[in-house]
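Here is how the chains run, residue by residue.
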Amino acid sequence: MRLFIDGSWLDLTKWASSHPGGVTILERFDGRDCTDAFYALHSRDACKRLEKLRNAQPSALKSLPAPEGSEGSSLDKAYRNLRTRLAADGWFERSFAQEAFLLAMVVGLAVVGTCLSWQYPLVASILLGLSMQQAGWLGHDMCHARNSSYCERAGPWLTAIVAGVDQPWWSEKHNTHHVLTNHVGADPDIDNRPFLFLWAPPKALDSVLRPFQHVYYIGLYSFLYVSWRMQSVQRIWASGEMLTLARMSIGYVWLLCLPWAVSAGAVLVGGFLVAIVVTLSHESEDMKTEYEPSFARNQFETTRDIVCPDAFTEWLFGGMQYQLEHHLFPSMPRYKYHKLALLVRQWANENGIEYRATGLWPMVRMHFNTLKQMADVPASEASLDAVSEFSRTAICQGGYVGAWKQPVQ
């Protein structure tokens, strides 16, 4: 397994299983340049470890030619300069006071919702669902945080207890989504078969449900947290991690102490409020069936900001309405994105690339139209023998949908 980072090849075959972000994301970049993806996601300590790995590489590897395009386009170079300037200006520095305020809101919603659970169950379900959703946003921000000891310590506890999500499992999946956004066959966030399809599947993998996906998707979105909770429990059970199991157990004991309808309702409300945000920004944008080597270009072509119409939705969306800014600079604190958006829009104009941002309700209609269009489109005639080895491997492993292509004539 060889990855090209910042001018050097690295053989990660023996080390890959120890990668905190999992092996899958490394496999996707085998033989490719991942310089910008690396620096977007890693801390200063990781950069120091990279230097140690670089110095330990055999001389034969150092003499290999660089992959095509690794020198970067003018857009890539401008993006790197922008990131360097933002770092020098302190944009990536975190505010403990703001993090504490966001945490207090999560806890406050959870406490009030718990107290109202017996007298006002419907209100309690909504408040607890909001707490779970906001815990998801804050946990997401803490998971992306780099060079922050308190985020590293608090994040796993917050997401496990309130949102019921295992952070290591989610982080591995989510980071792959970040660096290969909307890459069919690699991005796990766009693989929702057999319930939802964002492109025409081959007949072998089509579903009888697909023609109706635009009808039931709203109800299906409510089960997002149910799915994440189930997958989290499966990973913890398989790994036998006692500390992670203890974190999750606290949250489930809390839910079991509440009326069952309130607990179930809260999980469904929280799941829906997360799903409706994360799906809007990507699922109606470009789907990549070929690898896009430019990290910055890929983010602009697969991501759209949501323009919230009022202060409540601005809070509700938890900074994820600035999805493009987040994808370009994932380790930046989310409470800085609203100011960053102005700079990114100006930077995009200067560098000749489209900055996509649309109002909330037009985006809801756009998302519905995408699902309706993919419900009506005929299944692809491509056979499994006609797709790449990468795609067939993913299918055999029960993993992601592959990048379907028409058979070569």
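Values in this document were obtained by computation on a predicted structure and should not be read as measured data.

Parameters at a glance
Residues numbered from 1 in each chain as written. Predicted model: local features only at pLDDT ≥ 70, side-chain atom pairs only at ≥ 80, totals over all residues. Heavy atoms only, no water. Helix = DSSP H or I, 4+ residues; strand = E, 2+ residues; numbered from the N terminus. Rg over C-alpha atoms; globule rule 2.2 N^0.38 Å. Buried < 20%, exposed > 50% of the residue type's maximum accessible area, 1.4 Å probe, protein only. Areas by Shrake-Rupley, 256 points an atom, 1.4 Å probe, with all protein chains shown as cover. Lys, Arg positive; Asp, Glu negative; His and termini not counted. Charge placed at Lys NZ, Arg CZ, Asp CG, Glu CD. Salt bridge = Lys/Arg side-chain N within 4 Å of Asp/Glu carboxyl O. Contact = heavy atoms within 4.5 Å. 1 Å grid on protein atoms, 1.4 Å probe; cavity = no way out; pocket = protein on both sides within 12 Å on 5 of 7 lines; lining within 4 Å. Points joined across faces, edges and corners; volume = space filled by probe spheres on them. Nonpolar A, V, L, I, M, F, W, Y, C, P; charged D, E, K, R; others polar. Core = buried A, V, L, I, M, F, W, Y, C linked by side-chain atoms within 4.5 Å. Phe/Tyr/Trp six-rings, centres within 6.5 Å; stacked < 30°, edge-to-face > 60°. Expected span 1.5 Å × (residues − 1). Arc of directions from axis to C-beta. Pairing = 2+ DSSP bridges. Disulfide = S-S within 2.5 Å.

Draft legend 1. Up close: the overall build of the chain. When helices and strands are counted, the chain shows 19 helices and 4 strands. Taken over the C-alpha trace, the chain has a radius of gyration of 22 Å; the compact-globule value for 409 residues is 22 Å, and the two agree within 12%. Its C-alpha atoms put the chain at 70 × 50 × 45 Å along the principal axes. Every one of the 409 residues in the chain was classed for burial, and the buried ones make up 53%. Here the chain has roughly 19200 Å² of accessible surface; of this, 61% comes from carbon and sulfur atoms. Both charge centroids of the chain, one from 36 positive and one from 39 negative side chains, sit 4 Å from each other.

Draft legend 2. Region of interest: unusual backbone geometry. That bond from Arg193 to Pro194 is cis: its omega, 5 degrees, falls within 30 degrees of zero. Checked against the element boundaries, Pro194 lands in the loop between α9 (167–179) and α10 (213–221). Backbone geometry places Asp6, a non-glycine residue, at a positive phi of 55 degrees. Its location among the elements puts Asp6 in the loop between β1 (2–5) and β2 (8–11). The backbone phi angle of Asn182 is positive, close to 60 degrees, even though this residue is not glycine. Its location among the elements puts Asn182 in the loop between α9 and α10.

Draft legend 3. The side chain of Arg247, seen in detail. Relative to the helices and strands, Arg247 resides in helix α12 (residues 242–257). Within the buried set, Arg247 has no salt-bridge partner at all; the shortest N-O distance to an opposite charge, 5.9 Å, is to Asp166. Arg247 has contacts with Pro156, Trp157, Ala160 and Ile161, leaving out every residue within four places of it along the chain.

Draft legend 4. Just the layout of surface pockets, in detail. Considered as a void within the structure, the second largest pocket measures approximately 1200 Å³ in volume. As for the second largest pocket, its lining consists of 41 residues, and the residues nearest its centre are Pro20, Gly21, Leu41, His42 and Arg146. Among the secondary structure elements, those contributing two or more residues to the lining of the second largest pocket are β1, α1 (24–28), α2 (35–41), α3 (44–55), α7 (121–144), α8 (149–163) and α9. Ranked by residue count, the leading element in the lining of the second largest pocket is α9, at 7 residues. Its residues placed into classes, the lining of the second largest pocket shows 23 nonpolar, 10 polar and 8 charged.

Draft legend 5. Spatial organisation of the environment of Arg2. Mapping Arg2 onto the fold places it in strand β1. Once residues lying within four places of it in the same chain are set aside, the contact partners of Arg2 are Trp9, Leu10, Asp11, Phe29, Asp30, Gly31, Arg32, Leu61 and Leu64.

Draft legend 6. Molecular detail of the side chain of His282. With respect to the element layout, His282 can be found in the loop between α13 (260–280) and α14 (295–302). Those residues in contact with His282 that lie beyond four places of it in its chain are His177, Thr181, Asn182, Met287, Thr302, Thr303, Gln323 and His327.

Draft legend 7. Broad picture of the pattern of salt bridges. Inspection of the entire model under this criterion finds 16 salt bridges. With its nearest N and O atoms 2.9 Å apart, the salt bridge here joins Glu99 to Arg94. Judged by its relative accessible area of 2%, Glu99 is buried. For Arg94, a relative accessible area of 17% translates into the label buried. If you follow the salt bridges from partner to partner, you end up with Glu285, Asp286, Arg304, Glu354 and Arg356 in one network.

Draft legend 8. Layout of the nonpolar core. If you look at the biggest cluster of nonpolar residues, it comprises 53 residues, and the most contacted ones within it are Met132, Leu158, Val165, Tyr221, Tyr225, Trp228 and Phe317. Ranked by residues supplied to this core, first place goes to α7 with 10 residues. What Trp228 contacts, discounting residues up to four positions off in sequence, is Val165, Trp169, Trp170, Lys173 and Val274. Listed in part, the 40 residues of the second largest apolar core include Ile25, Ala296, Leu328 and Tyr337.

Draft legend 9. Broad picture of the packing of aromatic side chains. One pass over the full model with this rule turns up 11 aromatic pairs. Ring geometry for Tyr79 and Phe295: centres 5.8 Å apart, planes at 45 degrees, overall tilted. With Tyr79 in helix α5 (residues 74–88) and Phe295 in helix α14, the pair connects residues that are 216 residues apart, well separated along the chain. With respect to class, Tyr79 is no different from Phe295; both count as buried.

Draft legend 10. How the structure looks around helix α6 (residues 96–115). When the terminal C-alpha atoms of α6 are compared, their 28 Å separation across 20 residues agrees well with the 28 Å that a helix rising 1.5 Å per residue should span. By the burial criterion, the buried members of α6 are Glu99, Leu102, Val106, Leu109, Ala110 and Gly113. Along the axis of α6, the buried residues cluster in a sector spanning 95 degrees; they form a single face. Seen from the buried face of α6, the exposed residues on the opposite side, beyond 90 degrees, are Phe96, Ala97, Phe101 and Cys115.

Draft legend 11. Region of interest: the pairing of β1. In this structure, β1 lies alongside β2, joined through 4 bridges in antiparallel fashion. Across the sheet, residue Arg2 finds its bridge partner in β2, namely Asp11. Counting the residues that bridge the hairpin from β1 to β2 gives 2 residues, and of these Asp6 lies at a positive phi of roughly 55 degrees.

Draft legend 12. Spotlight on the state of the cysteines. A complete count under the given rule lists 0 disulfides for this structure. As a non-bridged cysteine, Cys143 has Cys151 as the owner of its nearest cysteine sulfur, 10 Å distant. On the accessibility criterion, Cys151 (1% relative accessible area) is buried.

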